[in-house]
Amino acid sequence: MPTVHDWINNPLGIVEDIFAQSNCSPDWETKVLEYFKEKLKDNEAASWVPSLNDVPVHYLKANSLVKFRCFIQDMFDPEFYMGVYETVDPSSKSKVLRSGKYKDVAECGHQVDLNTKNAVTLERQTFYCVPIPGESPWVKESYSCSNPARVVPSTSYAPCRHKRSYEEDEDMETQPHKQKEQLAGPQGTTDIHGSGDPKRLETEAPSSLSNAASGCSSPLDLNFPLPGEKGPACLVKVYEEWELFKVNDILEVYGILSVDPVLSVISEDKDSSLVDPMDCTESVEEQRVHCPPASLVPRLHMLYAHRLQHNNPLLPPAASEASSGFLNDVVSVRGELLGYLTHVLLGDALAAEYLILHLISTVYARRDVLPLGKFTLNLSGCPHNSTYTEQLYRVIQQLIPSSFRLGMSLHNMNNLRLVPRKDYTANRLLSGVLQLAPNTSLFLDETQLEQGQLDSTGVRNITALGNLISWQKVDYDFNYHQMEFPCNINVLIASEGKSLLPFLTPCLPCTPHSPPQCDCHVRLQPQLAPPNLEQYISTIQVSLSPSLLNKFRIYLSLLRTLDYSISEEVTKAVEDDFVEMRKDDPQSISAEDLHRLLVVARLLSLSVGHTTLSRDRWMRAKHLETLRTNRTEQQKCVNGNEP
Amino acid sequence: MSSPSATPTKDDILCAAWSEDALTPPSRRRRTDDASTSDLQPMPTSPVTDMRSPAVQDTSLFSSPAPFSHLSDTIDMSSPLTYGTPSSRVEGTPRSGLRGTPVRQRPDLGSVRKARQVDLHSDHANGPEAPASEHSVGQKLVIWGTDVNVGTCKEKFQRFLQRFIDPSSTDDENAGLDLNEPLYMQKLEEINVVGDPVLNVNCEHLQSFDADLYRQLIAYPQEVIPTFDMAVNELFFERFPDSVIEHQIQVRPYNALKTRNMRNLNPEDIDQLITISGMVIRTSQLIPEMQEAFFRCQVCAFSTRVEVDRGRIAEPAVCRNCNTTHSMALIHNRSIFSDKQMIKLQESPEDMPAGQTPHTTVVYAHNDLVDKVQPGDRVNITGIYRAVPIRLNPRQSNVKSVYKTHIDAIHFRKTHEKRLHGLDEEAEEKLFTEERVRTLRELAAKPDVYERLSSALAPSIYEHEDIKKGILLQLFGGTRKDFSQTGRGGFRAEINILLCGDPGTSKSQLLQYVYNLVPRGQYTSGKGSSAVGLTAYVMKDPETRQLVLQTGALVLSDNGICCIDEFDKMSDSTRSVLHEVMEQQTLSIAKAGIICQLNARTSVLAAANPVESQWNPKKTTIENIQLPHTLLSRFDLIFLMLDPQDEAYDRRLAHHLVSLYYQSEEQLEEEFLDMAMLKDYVAYARSYIEPRLSEEASQALIKAYVDMRKIGSGRGMVSAYPRQLESLIRLAEAHAKVRFSDKVETIDVEEAKRLHREALKQSATDPRTGFVDISILTTGMSATARKRKEELAQALKRLIQSKGKVPTMKYQQLFDDLRAQSDVAITKDMFEEALQALTDEDYLTVTGKTVRLL
């Protein structure tokens, strides 16, 4: 039996063993998958697996088992590979069947017989994965702390050493090394290293990576959705059931890391590609994208993956398990959080209340074109020309796992690519800011918007934001057609006056009476006016104890996942209430308002851990809404009276 | 697979004959016996597929069917430089018959040689290393690795060509042919006349005629298609021995049923004939691919030819004539090249599962298929799926274990372009399984199908039952009638609907829903679209300097629904193009020298907001939305979406919304099923049901129309025009379609009447009198308003007359007088209108501030 370390350090060995034992019976694949699933079942064991998120690629051993918490940014075309192939030992003429699964390269230290009847061609799918966009620093930290498999640089690793030293080192029979020798010395391909598994050692990666870092090698656009992101991008090879995965899913992948430099040989060895007429199928750009150097974009052969409901490290993967215990003190946590946010929002408790509702909102269903459960919030009255919005964003970032702040400056609007676009030359989906994982918070800072002209890109970007807010969908640009991708992004707009956003979209009229398409608009009424905002906010943040902060984090992520229902009885009451309200003044409440009320009531119930609507909560929701609309009306009057 | 114990048959004899043939140098390739090459032993090769590897040559006796080899050895040539263009050779030395018609290489079949060679296998060929197939015992000859016997295959295909009749064919490829005669023989005749040596064969035909042959074609296209080529050419030149065509006929199968969707391609499809649909996203430059290299010795000028083998040319190291080493130099302009183009094909958006990105495939087009398609075209491609084998690089110990795949195109068929014979609708018909049809029929048989369907429409939008019903009828449309023979042209079958009403009454949502529902829907906003964006515009292609017609939303939604939001925000010039589209269903373009009329058989679903942002119930529809009545009268149904403000409605609305928010997943699932069902239902009805008016129905329609006219005539108003009658007919037909009925019956007329009346009641009610007055919509003014105007003019006239004989009057003075006299408030506009009316009567003229009597 392989030891614990074997299945992490040498998963391919295990795959090969199982393959050899199975005598070509087709069920060996399921056996392999079951083996690894079994191993990973144990939470403890799973944490031994080093994570690509925390450990730089060059510290990881090639062909070892790693995990990667990632976001599917693009899907490439399926590829056919040698599933089973036969090698012939030239000396003994003995034939050996080998599996090509979970590998990028076929080892043919011996001759490969491509024409054998036993050869099987199989299909696999490639996903281009990047780290989850907008993941908060605390999430990254927390994940990496919980993972004891922090690979220490292996003892043999010495960054200062020259490459040439590899060749002198007897232990280092790495693949690139092998190849280099063959290229250098004409002594032939036959023996040198004999047979057996190639030992897993460091690859060349460190040198090329440092090159990239120092800007020596040509910059490779790793296509992150958000500007300024860092982290490894990865080509994940999927062997089973790839149709279950979707673009923008977040996954945790366990797979075999492959950083064989043969993969990047094309980009370096220009001559050979010229000789090969078939290589003209791909343009240079396309090759750069689809076969980037393995040291920059490692390949990961998926053995096991699960879709993540959330990326909150404080919650177990299946959130429902944790809920029962936590729900008991939900109310107290909510109180604390409300107090905290009230402070942050300069003493405005109503705004804090709505902010909580916003933070736990999620699109839980769609009825034809209508997304249900979205709760876009517009906080107006943010002080202009101050760093308040930035501070506010920092606070939010502290609380939720992934978020992004988009300063809506004219420059950004006119120049940023918000909507992902297909680049047919390189044959990939160029990512845009709006390509975000479900439940990511998008913080739109409208205070940065100044007067000026939007060009056509700007208009398109604003339209895209409007679509996102109204329908929770993003129309990806495929040049010849658009494709609609439903999304689930919490949009929070901070603005000085009422947000222009939903109105500026060309398909919506600027009529004064049309109902706000933003689900909710709260005018901030600061009760306090601290002289130094920055200092004020940081004091609040510092005074928060870490354990309480973690409670907040759990609270916000957990409540999203709860189910919710309305009983018949309450339905009736709500209906009566609506009829009653309409009776008094039909203008006062419209169907839109009822929509919003229902969402507020839902979120309000959830925020205290109730999964059904009660009469009290309904009244409370109504009360909140009245407070809010009154405030908006008031503001209108004030503005109207202004000269 | 053939049985191994087959007794010696004529295949054996065939085999013998071939071996003899094959022994004679088969110089069937485009090669001249010019002096320098005459002593060269031409290498035997397969006839059309270019299998020229050593493996083939070893067993060249059976190197695959070579029936023409004995014929072509006498071909003499004009200039060797004309190799690449067979046509010029034909012109150069006119000749006729099979003997002289050059064979054209088919790189589409063999440009990529497989490592595993294909060979004719017989009992006495092949050494022990050849994987002994089960055929080796028997006498039957098959191509190595397949079960294809060339002789039988050829015979079968000739039989197919000679006998296949498809009397029920609706294929536009066959338009103009006599359906009761063998189809492909007529096509051969066509080739003889037209001279285009390409025979397109519909695989479906082949399948229905000979399933086994079809299977072979799909499984071994590389071997079977050349066999077909041979068969066709033999047949053709037998029939038309004097025919002169550019090169020998090539068979191009299409419509292979194997695969439809790029996503379904898998390793099993490799080297098989497949048809996939997709969209061209990129085409490469033309790539000249060397087929045959020409080498000349620098020393003795001895020349030799080397064929490309698996993308490589084995340069002769030694001159065979003078034995000098490394003296052979490549002469480029005497080498033979073929055209090749790389095309990137992307999955069509309809075929894609939600939430995934589209797949792409590389397609190679060869020879005359090059430049047949442009980026953006929707095409069906039939071709052979290839996986390029891994090439072993001796320098490398490890190779990437990934195959590159592509398709060698054999046939292109554009889908979303107007095809020559105009039967495009049928071609696009969605295919329904029998089971699906049965469920649809069952649904149609239910008495409440109409209500069911209309409630399935946009379930998230509450109530507005009649509006939904109207939209439902719009989805189905009326029956298309063609009176072009009598000069009237087609009658409009599409139903146009206008929704107007308060903002926020989910008009946009309805439009969005419809747009998502219909396959050819377009969604535009009146504010964002210009006339050009709606219709079509002429653009100069930057590369080719050609004028290209780019179509806009209206043309794109031909046979679909064009949803126009913010209809009122549209500029007048934009709106004016709608006049033609909404009645004549065509679009005329006269721009940059292009004058044409495009079909725009689209239904228009428009939404408009009232000018004052809130609907003013005291005004007429026209006044509220400020649209020209000429346009309004082209809408069959105009609905108002108003907030009804009544308690029962509120209650139902509340219930609806609340249930919307707590319905469980399963219930949601059900809804989605309904949407797919609704889609299919509409598609089925649109393509298969063509209701005609029954006798009773026509009587009912006449009666309804007369009644409508009568209502108004009592009060001196016209309440219906022939356009309304047409609308009624369309609505009745659409309702019959909903029931899957081929006859329009009285109930259909009843519903049409009811709906029409409902819509009228909402939109054409004169707010002053409360009566329905169609003239609001047709002339823009209600009869009462017109009457009022006339009265005012008369009053003014009387006022002026009462003043006696004054030739001129002050304008303001007159206005004040009139106001003082009248008991109703008179605005300046009304006063001016009255003055205008009197001016028209030649009673007075207005110059500046004075009014002068005439």
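Analysis parameters
Residues numbered from 1 in each chain as written. Chains lettered and ligands numbered in written order. Predicted model: local features only at pLDDT ≥ 70, side-chain atom pairs only at ≥ 80, totals over all residues. Heavy atoms only, no water. Helix = DSSP H or I, 4+ residues; strand = E, 2+ residues; numbered from the N terminus. Buried < 20%, exposed > 50% of the residue type's maximum accessible area, 1.4 Å probe, protein only. Contact = heavy atoms within 4.5 Å. Areas by Shrake-Rupley, 256 points an atom, 1.4 Å probe, with all protein chains shown as cover. Core = buried A, V, L, I, M, F, W, Y, C linked by side-chain atoms within 4.5 Å. Pairing = 2+ DSSP bridges. Axes fitted to C-alpha atoms, helices over the stretch in contact; angles between N-to-C directions. Parallel < 35°, antiparallel > 145°, perpendicular 65-115°, else oblique. Left-handed = near helix turned anticlockwise from the far one by under 90°. Nonpolar A, V, L, I, M, F, W, Y, C, P; charged D, E, K, R; others polar. Salt bridge = Lys/Arg side-chain N within 4 Å of Asp/Glu carboxyl O. pLDDT = per-residue confidence, 0-100. Phe/Tyr/Trp six-rings, centres within 6.5 Å; stacked < 30°, edge-to-face > 60°. Lys NZ or Arg CZ within 6 Å of the ring centre and 35° of its normal.

## Remarks on the overall build of chain B
Point 1. Counting its secondary structure elements, chain B contains 29 helices and 28 strands.
Point 2. A total of 854 residues make up chain B; the buried ones form 54% of that total.
Point 3. Here the contacts in chain B between residues at least 6 apart in sequence split such that 68% fall between residues at least 24 apart.
Point 4. Here chain B displays about 37400 Å² of accessible surface, and carbon together with sulfur accounts for 51% of that area.

## A few points about the overall build of chain A
Point 1. For chain A, the helix and strand inventory stands at 23 helices and 20 strands.
Point 2. Across the 643 residues that make up chain A, the buried fraction comes to 56%.
Point 3. For chain A, long-range pairs separated by at least 24 residues make up 77% of all intrachain contacts whose partners lie at least 6 apart in sequence.

## Some details on the environment of A:Gly231
Point 1. For A:Gly231, the location among the structural elements is in the loop between helix H8 (205-214) and strand E7 (234-238).
Point 2. Here the alpha-carbon distance between A:Gly231 and A:Asn53, two residues 178 residues apart in the chain, equals 7.0 Å.

## A short note on the nonpolar core
Residues and elements named next belong to chain A.
Point 1. Of all hydrophobic cores here, the largest spans 70 residues; its most connected members are Leu337, Tyr340, Leu341, Leu345, Tyr354 and Leu379.
Point 2. Ranked by residue count, the leading element in this core is helix H22 (residues 591-607), at nine residues.
Point 3. Core analysis: the second largest hydrophobic core is formed by 58 residues, Met75, Phe127, Trp242 and Leu300 among them.

## Observations regarding the side chain of B:Lys340
Point 1. Here B:Lys340 shows up in strand E8 (residues 336-346).
Point 2. Setting aside residues no more than four positions away along its own chain, B:Lys340 makes contact with B:Gln285, B:Leu286, B:Ile287, B:Glu289, B:Tyr364, B:Ala365, B:His366 and B:Val370.

## Details of the sheet that holds strand E27 (residues 844-847) of chain B
Residue and element names in this part refer to chain B.
Point 1. Spatial ordering of the open sheet is given by E26-E28-E27, a layout of three strands whose pairing is antiparallel. Sheet topology places strand E26 (808-810) and E27 at the edges, where each strand pairs with a single neighbour. Neighbour to neighbour, the strand axes of the sheet diverge by 25 degrees on average, direction disregarded.
Point 2. Where E27 lies against strand E28 (residues 850-853), four bridges are found, and the strand directions are antiparallel. Across the sheet, the residue bridging to Thr847 is Thr850, located in E28.
Point 3. Strands in contact with helix H28 (residues 811-821) are E26 and E28; relative to E26, the strand with the most contacts, it is inclined by about 75 degrees.

## Things to note about the pairing of strand E18 (residues 482-486) of chain A
Consecutive residues of a regular strand have side chains that alternate between opposite faces of the sheet.
Residues and elements named next belong to chain A.
Point 1. Alternating positions in E18 separate cleanly, Met483 and Phe485 being buried on one face and Gln482, Glu484 and Pro486 remaining unburied on the opposite face.
Point 2. In the sheet, strand E17 (residues 473-477) pairs with E18 via five bridges, with the strands oriented antiparallel. Looking at the pairing, Asp475 lines up with Glu484 of E18.

## What about the pairing of strand E9 (residues 299-307) of chain A?
All names here are of chain A.
Point 1. Here E7 pairs with E9 via three bridges, running parallel. Looking at the pairing, Lys237 lines up with His301 of E9.
Point 2. Bridge count for strand E8 (residues 250-258) against E9 is eight bridges, and the pairing is antiparallel. By the bridge assignment for E9, Tyr254 is matched with Tyr304.

## Overview of the packing of helix H2 (residues 11-22) of chain A against helix H3 (residues 28-41) of chain A
All names here are of chain A.
Point 1. Between H2 and H3, whose axes approach to 9 Å, the crossing angle comes to 140 degrees. Between H2 and H3, the interaxial angle falls into the category oblique. The two elements H2 and H3 cross, and the hand of that crossing is right-handed. Contacts between H2 and H3 involve Pro11, Ile14, Val15, Ile18, Phe19 and Ser22 from the former and Trp28, Lys31, Val32, Tyr35 and Phe36 from the latter.
Point 2. Looking at the contact of H2 with H3 residue by residue, the classes come out as nine nonpolar, one polar and one charged.

## Thoughts on the environment of A:Leu359
All names here are of chain A.
Point 1. Relative to the elements of secondary structure, Leu359 occurs in helix H14 (residues 349-359).
Point 2. The class for Leu359 is buried, based on a relative accessible area of 1%.
Point 3. Taking the C-alpha atoms as reference, Leu359 lies 8.9 Å from Ile396; in sequence the two are 37 residues apart.
Point 4. Contacts of Leu359, omitting those with residues within four sequence positions, involve Ile396, Ile400, Ser441, Asn490, Leu556 and Arg560.

## What to know about the pattern of salt bridges
Point 1. Within the structure shown, the criterion is met by 30 salt bridges over all chains.
Point 2. Here A:Glu353 and A:Arg334 are joined by a salt bridge, their closest N and O atoms 2.5 Å apart. With A:Glu353 in helix H14 and A:Arg334 in helix H13 (residues 330-344), this pair connects stretches of sequence that are 19 residues apart.
Point 3. Under the relative-accessibility criterion, A:Glu353 is labelled buried at 6%.
Point 4. Taking the relative accessible area as the measure of exposure, A:Arg334 reaches 9% and is therefore buried.
Point 5. Here A:Arg596 and A:Glu625 are joined by a salt bridge, their closest N and O atoms 3.0 Å apart. Linking A:Arg596 in helix H22 with A:Glu625 in helix H23 (residues 615-641), this pair joins segments that are 29 residues apart in sequence.
Point 6. With a relative accessible area of 11%, A:Arg596 lands in the buried category.
Point 7. Connected through shared salt-bridge partners, B:Lys156, B:Asp210, B:Asp212 and B:Arg215 make up one network.

## Details of the confidence of the model for chain B
Any region with low pLDDT has predicted coordinates that should not be read closely.
All names here are of chain B.
Point 1. Residue-level pLDDT values for chain B average 68, and 61% of them are 70 or greater.
Point 2. Scored below 50 in pLDDT, residues 1-99 shows 177 contacts in the model against residues more than four places distant or in partner chains.
Point 3. Within the model, pLDDT remains below 50 along residues 417-430, and this stretch shows 19 contacts once partners closer than five positions in the same chain are excluded.
Point 4. The complex prediction reports pTM at 0.67, with the ipTM value standing at 0.72.

## Here's the deal with the side chain of A:Arg602
Point 1. Positionally, A:Arg602 belongs in helix H22.
Point 2. Among residues more than four places away in sequence, those in contact with A:Arg602 are A:Tyr364 and A:Tyr564.

## What to know about the packing of aromatic side chains
Point 1. All told, the structure shown has 20 aromatic pairs over all chains when counted by the stated rule.
Point 2. Between A:Tyr102 and A:Tyr239, the ring centres sit 4.7 Å apart and the planes meet at 55 degrees, which makes this aromatic pair tilted. Highlighted residues: A:Tyr102 in the loop between strand E3 (95-99) and strand E4 (105-107) and A:Tyr239 in the loop between E7 and E8, separated in sequence by 137 residues. Grouping residues by exposure puts A:Tyr102 and A:Tyr239 together as buried.
Point 3. Residues A:Tyr354 and A:Phe375 carry aromatic rings whose centres are separated by 6.2 Å and whose planes lie at 10 degrees to one another, so their mutual orientation is stacked. In this pair, A:Tyr354 is assigned in helix H14 and A:Phe375 in the loop between strand E11 (370-372) and strand E12 (377-380), connecting sequence segments 21 residues apart.
Point 4. For A:Tyr354, a relative accessible area of 0% gives the class buried.
Point 5. Ring pairs connect the aromatic residues B:Phe157, B:Phe160, B:Phe164, B:Tyr184, B:Phe209 and B:Phe228, which therefore count as one cluster.
Point 6. The lysine or arginine in question, A:Arg124, covers the ring of A:Tyr81, its NZ or CZ lying 4.5 Å from the ring centre.
Point 7. A cation sits over an aromatic face here: A:Arg602 above A:Tyr364, 3.8 Å from the ring centre.

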